[in-house]
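Structural overview
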Amino acid sequence: MKNVTYIPFNTTPYHSPDKIMEREVGKWLSDREMTNKNVAIKVHFGEDGSTRFIRSLYCRRIADAVKRKRGNPFCTDTNVLYPGKRQTSTTHLELASMHGYNIATLNCPVIIADGLLGKDMREVECEGDYFTSIPVASAIAEADYLIVVTHVTFHGFSGVGSAVKNIGMGCVSMEGKRRIHMATVPKVYDERCIGCKRCLERCRFEALQCVDKIKIDYSKCTGCGHCMGVCFPQGVFENVEEQYERFNKMLADVALSVIKDKQVLYINLLTDITSQCDCASFTHPPVCSDKGIVISDNLLWVEQETLKLIDDGRNALSMNKLPYVTIERLKKTGNFAEHVYEVETRKEIT
């Protein structure tokens with residue numbers, strides 16, 4: 001088998017990409033003993049207001065492939081720091097079901113991996129320059145296998161939101177997210193403030209105060225960035241380039257900690273590629289054409305091939321070096337083979 005499998009969306013007539021993906025996932029799992037093993041399928045269910053998240057059909061195909069190996073799949077995500085329906089498991093599960101992620105559509109259970117309030121976690125060792133340990137969502141930490149299904153998008157903090165972000169941010173508890181986002185606590189330019197107080201409405205942590213101008217309590221701020229989102233016209237809150245680089249290095253370190261000693265398969269879907277990730281509570285138009293599906297059991301290779309497809313000879317990432325900061329961090333701290341990977345392209349069912 002090649003190191004990376006690529007499934008383009010321009011398949012031959014009557015051969016659907018989701019069915020081709022199911023077959024190829026089965027091949028990748030063929031030599032793994034999965035009988036009665038718990039298999040976490042990590043995916044983003046989509047924020048309330050978003051419509052371009054991954055279709056649940058793809059995860060159904062993956063779950064079916066796992067069941068043919070007699071494994072016990074479950075589809076999972078974690079709770080988030082910012083306000084909204086993904087803040088606690090009760091409303092998170094309601095939203096997931098509304099977006100097509102439930103046991104009826106997936107043929108497997110849906111579990112919020114870090115529990116009711118995002119506090120169910122297992123502290124695991126983390127190598128690198130920033131953390132000695134990181135709290136991984138318990139259902140993911142305790143799973144026997146991990147299949148990371150990622151909707152690839154562009155992203156405000158990481159340049160590209162791909163498998164590393166899906167793992168490094170999406171597989172940790174709320175406390176883990178807080179630790180990583182401390183890298184993105186913004187600087188405040190209070191002279192730009194017009195006193196609209198919209199940022200106060202978005203700050204879940206009561207870290208902002210406004211009398212005449214905005215002030216920030218850094219002991220409470222988690223760096224979630226929602227104040228930056230609502231204050232975009234005035235630009236009261238800003239990060240500098242060094243913060244974004246540190247954030248991406250942290251993501252890589254944490255992702256490597258999550259997958260350490262665990263059998264993992266990575267599936268990147270390059271469809272509906274938007275300017276922001278699926279955490280946005282509104283729908284963005286795609287910023288480039290659909291590319292296809294990339295599959296590998298090597299995190300570095302699946303990310304490298306994904307970036308090549310996004311660039312597609314048009315230098316889509318030429319002005320954004322952040323994804324390559326992540327790649328270099330993986331090379332530096334990860335235990336990846338040095339040889340060049342090969343890609344096998346699959347178009348039809350044989």
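These lines cover the structure that appears in this document, whether it is placed above or below. (Residues numbered from 1 in each chain as written. Predicted model: local features only at pLDDT ≥ 70, side-chain atom pairs only at ≥ 80, totals over all residues. Heavy atoms only, no water.)

This part is about the sheet that holds strand β14 (residues 263-270). Reading across the sheet, the eight strands line up as β4-β3-β2-β7-β14-β15-β1-β16 and stay open at both edges, with mixed pairing between neighbours. The outermost strands of the open sheet, each flanked by one partner alone, are β4 (110-112) and β16 (343-345). Each strand axis lies, on average, 25° off the axis of its neighbour in the sheet, ignoring direction. As defined by bridge partners, strand β3 (residues 72-77) adjoins β4 across three bridges and the pair is classed as parallel. Pairing of Cys 75 across the sheet is with Val 110, part of β4. (Pairing = 2+ DSSP bridges. Helix = DSSP H or I, 4+ residues; strand = E, 2+ residues; numbered from the N terminus. Axes fitted to C-alpha atoms, helices over the stretch in contact; angles between N-to-C directions.)

Note on pairing: side chains with opposite charge can pair once their charged atoms come close. As enumerated under the stated definition, the model contains 26 salt bridges in all. We note a salt bridge from Arg 32 to Asp 297, for which the minimum N-O separation is 3.8 Å. Of this pair, Arg 32 sits in the loop between α1 (17-29) and β2 (38-42) while Asp 297 sits in the loop between β15 (292-296) and α11 (299-311), placing them 265 residues apart in sequence. A relative accessible area of 38% means that Asp 297 is categorised as partly exposed. Between Arg 52 and Asp 272 there is a salt bridge, and its shortest N-O distance comes to 3.4 Å. Separated by 220 residues along the polypeptide, Arg 52 in the loop between β2 and α2 (56-68) and Asp 272 in the loop between β14 and β15 bring together distant segments of the chain. Here Asp 272 falls in the buried class, since its relative accessible area comes to 14%. Within the structure, one salt-bridge network assembled from shared partners comprises Arg 23, Glu 24, Lys 27, Glu 344 and Arg 346. (Salt bridge = Lys/Arg side-chain N within 4 Å of Asp/Glu carboxyl O. Buried < 20%, exposed > 50% of the residue type's maximum accessible area, 1.4 Å probe, protein only.)

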